[in-house]
Amino acid sequence: MIVLYLYCLEPGINVKAGWAHDTPVIDTSILIEHIKTFRQCCILVVDFIPHVVEKRWLCAVEPCSLVYSANWILKKGNRMHFGYDIPTRGPLASPENISSIAQRGEALGFGTAYVNDHIVVPRDIASRYPYSEGGDWAGGQFGEAMDILSMLAFLAAATSKVRLLTSVMVVPYRHPVVTAKMIATIDVLSNGRVTIGCGAGWMEEEFIAVGAPSFSERGKSTDEYLEIFREIWTKETPSYDGT
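Anyway, here's the lowdown on the structure attached to this text. (Residues numbered from 1 in each chain as written. Predicted model: local features only at pLDDT ≥ 70, side-chain atom pairs only at ≥ 80, totals over all residues. Heavy atoms only, no water.)

### Re the overall build of the chain
Per the secondary structure count, the chain includes nine helices and seven strands. Taking all 243 residues of the chain together, 46% fall into the buried category. The long-range fraction of contacts in the chain, counting pairs at least 24 apart against all pairs at least 6 apart in sequence, stands at 72%. Here the chain has roughly 13100 Å² of accessible surface; of this, 55% comes from carbon and sulfur atoms. (Helix = DSSP H or I, 4+ residues; strand = E, 2+ residues; numbered from the N terminus. Buried < 20%, exposed > 50% of the residue type's maximum accessible area, 1.4 Å probe, protein only. Contact = heavy atoms within 4.5 Å. Areas by Shrake-Rupley, 256 points an atom, 1.4 Å probe, with all protein chains shown as cover.)

### Considerations on the pairing of strand S6 (residues 163-170)
Within S6, six of the eight residues are buried, leaving the element largely enclosed by the surrounding structure. Note: S6 against strand S7 (residues 194-199), five bridges, orientation parallel. Each residue of the ladder has a partner; that of Leu165, found in S7, is Thr195. Read from S6 through helix H7 (residues 176-189) to S7, the crossover connection turns out right-handed. (Pairing = 2+ DSSP bridges. Right-handed = clockwise from strand over helix to strand, strands pointing away.)

### Digging into the side chain of Thr159
Along the chain, Thr159 turns up in the loop between helix H6 (148-158) and S6. Thr159 sits in the buried class, given a relative accessible area of 8%. For Thr159, the side chain forms a polar contact with the main-chain oxygen of Leu155, separated by 2.7 Å. Polar contacts involving the side chain of Thr159 include one to the side chain of Arg193, which spans 2.8 Å. (Polar contact = N/O pair within 3.5 Å; in protein donor to acceptor, adjacent residues only side chain to side chain.)

### Details of the packing of aromatic side chains
Taken as a whole and judged by the stated rule, the model has eight aromatic pairs. Aromatic pair Phe207 and Phe215: ring centres 5.2 Å apart, planes at 80°, arrangement edge-to-face. Note on accessibility: Phe207 and Phe215 belong to one class, buried. One aromatic cluster is present, built from ring pairs that chain together Tyr129, Tyr131, Trp137 and Trp202. (Phe/Tyr/Trp six-rings, centres within 6.5 Å; stacked < 30°, edge-to-face > 60°.)

### Examining the packing of H6 against H7
At a minimum axis distance of 10 Å, the contact between H6 and H7 shows a crossing angle of 15°. With respect to H7, the axis of H6 lies roughly parallel. Helix-helix and strand crossings are classified by hand; for H6 and H7 the assignment is left-handed. Contact residues: Leu149, Leu152 and Ala153 in H6; Thr179, Met182, Ile183 and Ile186 in H7. In terms of residue class, the contact of H6 with H7 is made up of six nonpolar, one polar and no charged. (Axes fitted to C-alpha atoms, helices over the stretch in contact; angles between N-to-C directions. Parallel < 35°, antiparallel > 145°, perpendicular 65-115°, else oblique. Left-handed = near helix turned anticlockwise from the far one by under 90°. Nonpolar A, V, L, I, M, F, W, Y, C, P; charged D, E, K, R; others polar.)

### Thoughts on the pattern of salt bridges
Should their charged atoms come close, side chains of opposite charge can pair. Inspection of every chain in the model, using the stated rule, returns three salt bridges. Measuring nitrogen to oxygen at the nearest pair gives 2.7 Å for the salt bridge that ties Asp117 to Arg174. Pair noted here: Asp117 is in the loop between strand S5 (112-115) and H6 and Arg174 is in the loop between S6 and H7, with a separation of 57 residues, a long-range link. Arg174 shares its class with Asp117; the two are buried. Taking the shortest distance from any N to any O, the salt bridge between Arg174 and Asp147 comes out at 3.0 Å. A residue pair is termed long-range when its members are at least 10 positions apart, and Arg174 in the loop between S6 and H7 and Asp147 in the loop between S5 and H6 qualify at 27 residues. By relative accessible area, Asp147 is classed as partly exposed at 26%. Residues joined in a network through salt bridges with shared partners are Asp117, Asp147 and Arg174. (Salt bridge = Lys/Arg side-chain N within 4 Å of Asp/Glu carboxyl O.)

### Examining the environment of Val115
Summarising the element assignment, Val115 is placed in strand S5. Taking the C-alpha atoms as reference, Val115 lies 5.6 Å from Ser167; in sequence the two are 52 residues apart. Each residue touching Val115, except ones within four places of it in the same chain, is listed here: Ile86, Thr88, Ile148, Met151, Leu152, Leu155, Leu165, Thr166, Ser167 and Val168.

### Re unusual backbone geometry
Here Ser167 and Val168 are connected by a cis peptide whose omega angle stands at -10°. Take Val168: it is sitting in strand S6.

Structure, rendered in structure tokens:
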């Protein structure tokens, strides 16, 4: 599954494609070519709040023609899904607002609601954020962050059709057996709507704070944890001998 991100700081004014809000603006024809290439196996995540999309979506069409072009490309039968962000912190991250955003996005026809992952946000962060040109992480100024899997469970109860995506879950942060159990439980309670996007993480300070395996070995740890997930989810008598 390939996830393409489209960020818009101000709908109809600054349309940007990439992983971070400060990613340089690109020619939208490039993004359209990506959509053409991957339309059978991708999710296009649009970083708008649904009520903003409803009111101002058409404003975004004129500057970039992205919506028109995407609709022209994605003919009936293609499996492109549009997703939207669920806030895990800040003024919108209340039970009432989260439910409202999730349900409104579902009602508008979005296919995927996604949640990002931070357990703690250290006060001092020296790690370089890999998705901005300067290496700074804008999210570091906000300390609170709700747990990603608890949020998926809440969304499973608040919605009925939209898929629930972790974007992304930092795999080494949590014990693999407990994590596999939690994911499987949420998937059952949501009637199979969970999609797990996985990452190895980038913030060493958060690894230290949560007692995760060595930051320098995070790639190896992620591979092992994923193998444990598969073993638990697919075997009657799971076992694993790792490092």
